[in-house]
Each structure stands twice: as C-alpha cells, then as structure tokens.
Amino acid sequence: MLDIQKIREDFPILSREVNGKPLIYFDNAATSQTPQVVIDAIVDYYSNYNANIHRGVHTLSQEATDAYEEARLKIQRHFNAKEAHEIIFTSGTTHSINLVANGFASFLNKGDEVIVSALEHHSNIVPWQMLCERTGAHLKVIPINQEGELLMDVFDNLLSSKTKLVFVNHISNALGTINPIEEIIQKTHKVGAVILIDGAQACPHIKPDVQALDVDFYVASAHKICGPTGVGMLYGKQEWLNKLPPYQGGGEMIKEVTFEKTTYADLPHKFEAGTPNIAGGIAFGAALDYMNAIGFDVIAKYEKELLDFGTEQLLAIDGLKIYGTSRQKTSVISFNITGIHPYDIGTIIDKLGIAVRTGHHCAQPIMDFYKIPGTVRASFAFYNTKEEIVKLAEAVKRAQQMLS
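Read on for a plain summary of the structure. (Residues numbered from 1 in each chain as written. Predicted model: local features only at pLDDT ≥ 70, side-chain atom pairs only at ≥ 80, totals over all residues. Heavy atoms only, no water.)

Take the packing of aromatic side chains next. Using the criterion set out here, one finds 16 aromatic pairs in the structure. Their ring planes at 65° and their centres at 5.3 Å tell us that Phe-382 and Tyr-383 sit as a pair that is edge-to-face. Here Phe-382 and Tyr-383 have matching classes, each one buried. Grouped by ring-pair contacts, the aromatic residues Phe-11, Tyr-290, Phe-382 and Tyr-383 constitute a single cluster. One cation-aromatic arrangement involves Lys-243 over Trp-240; the distance from NZ or CZ to the ring centre is 4.3 Å. (Phe/Tyr/Trp six-rings, centres within 6.5 Å; stacked < 30°, edge-to-face > 60°. Buried < 20%, exposed > 50% of the residue type's maximum accessible area, 1.4 Å probe, protein only. Lys NZ or Arg CZ within 6 Å of the ring centre and 35° of its normal.)

It is worth spelling out the environment of Ile-282 at this point. Tracing the backbone shows Ile-282 in helix α10 (residues 278-294). Given a relative accessible area of 10%, Ile-282 falls into the buried group. Residues contacting Ile-282, with those up to four places away along its chain left out, are Tyr-45, Tyr-49, Ala-64, Ala-67, Tyr-68 and Ala-71. (Helix = DSSP H or I, 4+ residues; strand = E, 2+ residues; numbered from the N terminus. Contact = heavy atoms within 4.5 Å.)

What follows deals with the side chain of Glu-303. Considering the arrangement of structural elements, one finds Glu-303 in helix α11 (residues 296-315). Despite its burial, Glu-303 pairs with no opposite charge, the nearest such side chain being Lys-304 at 12 Å. Within the local environment of Glu-303, its side chain forms a polar contact with the side chain of His-205, the two groups lying 2.6 Å apart. Reaching out from Glu-303, the side chain makes a polar contact with the backbone nitrogen of Phe-382 at a distance of 3.2 Å. If we skip the residues at most four places from it in the chain, Glu-303 touches Pro-204, His-205, Ser-331, Phe-380, Ala-381 and Phe-382. (Lys, Arg positive; Asp, Glu negative; His and termini not counted. Salt bridge = Lys/Arg side-chain N within 4 Å of Asp/Glu carboxyl O. Polar contact = N/O pair within 3.5 Å; in protein donor to acceptor, adjacent residues only side chain to side chain.)

What follows is about α10. Here α10 spans 25 Å end to end across 17 residues, near enough to the 24 Å set by a 1.5 Å rise per residue. Judged by how many residues are buried, α10 sits mostly within the fold: 14 of 17 residues are covered. N-cap assignment for α10: the residue whose side-chain oxygen lies 2.8 Å from the backbone N of Gly-280 is Asn-277. Just downstream of α10, Gly-295 is the residue with a positive phi angle, here 105°. (Expected span 1.5 Å × (residues − 1).)

Across the sheet, which stays open at both edges, the four strands sit in the order β13-β14-β17-β16 with antiparallel pairing between neighbours. Each edge of the sheet is formed by a strand with only one pairing partner; in this case those strands are β13 (320-323) and β16 (357-359). When strand polarity is set aside, the average angle formed by the axes of neighbouring strands in this sheet is 30°. Note: strand β14 (residues 332-337) against strand β17 (residues 375-379), four bridges, orientation antiparallel. Across the sheet, residue Ile-333 finds its bridge partner in β17, namely Ala-378. The strands touched by α11 are β13 and β14; relative to β14, the strand with the most contacts, the crossing angle is about 5°. (Pairing = 2+ DSSP bridges. Axes fitted to C-alpha atoms, helices over the stretch in contact; angles between N-to-C directions.)

Shown next, in the form of structure tokens:
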C-alpha cells in the first residue's frame, strides 16, 4: 500500500497554491512533478562537483564522470538493456526519435514502406514523414476504432516484404490506450523490419524490459518519470547502433580528427556529441531510484484505482463524453462536454487551482478521427488522490453551469 500523504511530502510543488486554491495537478502526461531527492541531485552537482565529463584528469571531472556514467548504468538496469553502451543519453524522446530517423535515411530506398499508428504523438509522425520525403519511401498508417484501439487486422495487411520500419507508441498520450506492443514487435520482426517503440507515456506507469520485448529501439524522457526536463534516453540494440551513422558531429563523438578524415568513437559516445546535460543525466538516475523504491507494480495498481474512480466521477456529469475507452488503458481521461469548448473548461477550472491539459495534445490526427477540436485531458499520477478527483468533478460541473 502507498502512503500517499508521505509521498506527497516528497514533492515541494504540491504544497503551493494556484489562484488562492491548493494546487491539484492533473497534467502528468505532459510532465510529472519532481521529488525533492531529484532536485537535491541537481543542486548537489552544481554545488559540489560541477565540471565537464570524460575529458578531464582533475578530481571534479572524474567525480562528475563517475556520477554520469553511474546514471547510465541505472538506466541500463531499469530497462534491462544487455549493455550499458546501448543506452544513449539524449535531450528527450523527440531527440531520440530524430536520431534514429536521421540514421535510417541511408538505409531506405524509393518504394520501401514505413508504418506508424494513428495514435502517435507528432514527435513520432513528423520525423518519419520527413524521412519518407528524403528517401521516397511510403508512409502507411495503422487505423484505430472508436474505443481508441489499433486495428490489428489492418496492421497484418499492411505488413509486407516492403516494410522496413515500424513506429508505435507504447501508450497513447492523448487517450491512455496501452498498445499490444509485444504482438506488434513479433509481427514486425517476422517480415524482417525494424521497430521503434515510443515509451514516453509508458515509463511513468510500466517498467519495460527491452530484452524481453526484443525491441530494436525504445525511447523515453526523464521529465515524464519524476526527472528533469531536457534529458532522455535512446535504447538501441548494439547491432543497429553500430550500423547507424552519427546524428551530430563535434567533440566527444570522435576517435581521431584530421583535415583529411575523421573516425568516430565507439558506443555510446558516437551519438553523444558535445557537452551533455550532465546534471540532468545524474538526476534521471536519481528519479529512477526514487520510483523503483516505491515500486512500479504498486504504482500501477494505485493508478488503476484512480482511473476507475475518476471515470465513474466524470461520467456522472450530464453531457460528458470520454474519448479513449480501450480495455487496456492507463490513468488518462480525455473528455468533452457537449456544446462547450475544452479550452473554456480548462481555463475556468484553472481558476480553482486545477491543472489539466486542453487541446489536441500534439496528436491532431486523433482529434480529426473523432471530428473534435481537442479534449480536456486529466492525467493522474501516484501522488494524486481520490479527494482531488472529487474536486475535479465538482469544478467541471461548475464550469458547465457557467458556460451553458
């Protein structure tokens, strides 16, 4: 069982007020809040051993390097990567996806096919569109049903010998749908294609095992997992990371430089040009330590309670419709009220101290599918409470009364 009040004390921001009301933070799918232990890790770095890594022989540089590489090991263990050098530090999920997309430009030919799902965040659509424009490959889309689930029979028909790459998110940021990625990965590999899973929304709720999944690439952002912004990771199988060309050129990613020729460093440094977000990487490791100490099984069970309770509370409101009713779903509720724009609801309940997200959530094709401009999205984390959800429902009713 979680001691929710004790956990909430770990998060300084949860004690503040917004518009004279206690903050109720339900925008966790955009970014989670940060516990004090992670904040302390950032402050400790800048206070005690702020120095550049990998290049210095002096004590501060060695201490910073050790802490940064220990964070890489924590990430490796968390995701169960076979090797530490299969973990590449990036600025986040978007950076990770673009790194892979850039690399595959040299492997695709005109007429090859790339498959994405209709549930994707723009970050897992636009880079592949750009890749297809550069190479002449064709982009295919796995459609969804009204519940927000992928049509797997259509995916089966899309797969062929022309399929080279498949890109699917683990969990939809807009609807909360948990996709059957184990099945998708297996079917992708049967036709000889490569697959990348966008894990940005999954990692706060699920502890992925990349070896058990047999996934080729898996990407995530620290700021979704109680860590800082501006840092994330790319997991890639060693064989593919060795094949892909570097994404950026500069310091750290080289082995030897002359004006005639440059040779590249071994993994992971081949993809880590320039000075990284050192404090962010160290804090990423601290965030994983924090969440693992609580336990992902416990977190998932509690968040399912919040999802079920929140669904019940909100559906009791006349005229409210929930988008995304998959049988497999995480703690995200996207909804609208008949005749009221989602932005207006979000604005009013913000005055009551409640933070939700409104709009298309960087998933505009989903909104086009439902023929709506956007939704109100309430996304719950393990530090939220049922009492907060009750206040959300009351606030939504109040907004409905004001706007009707």
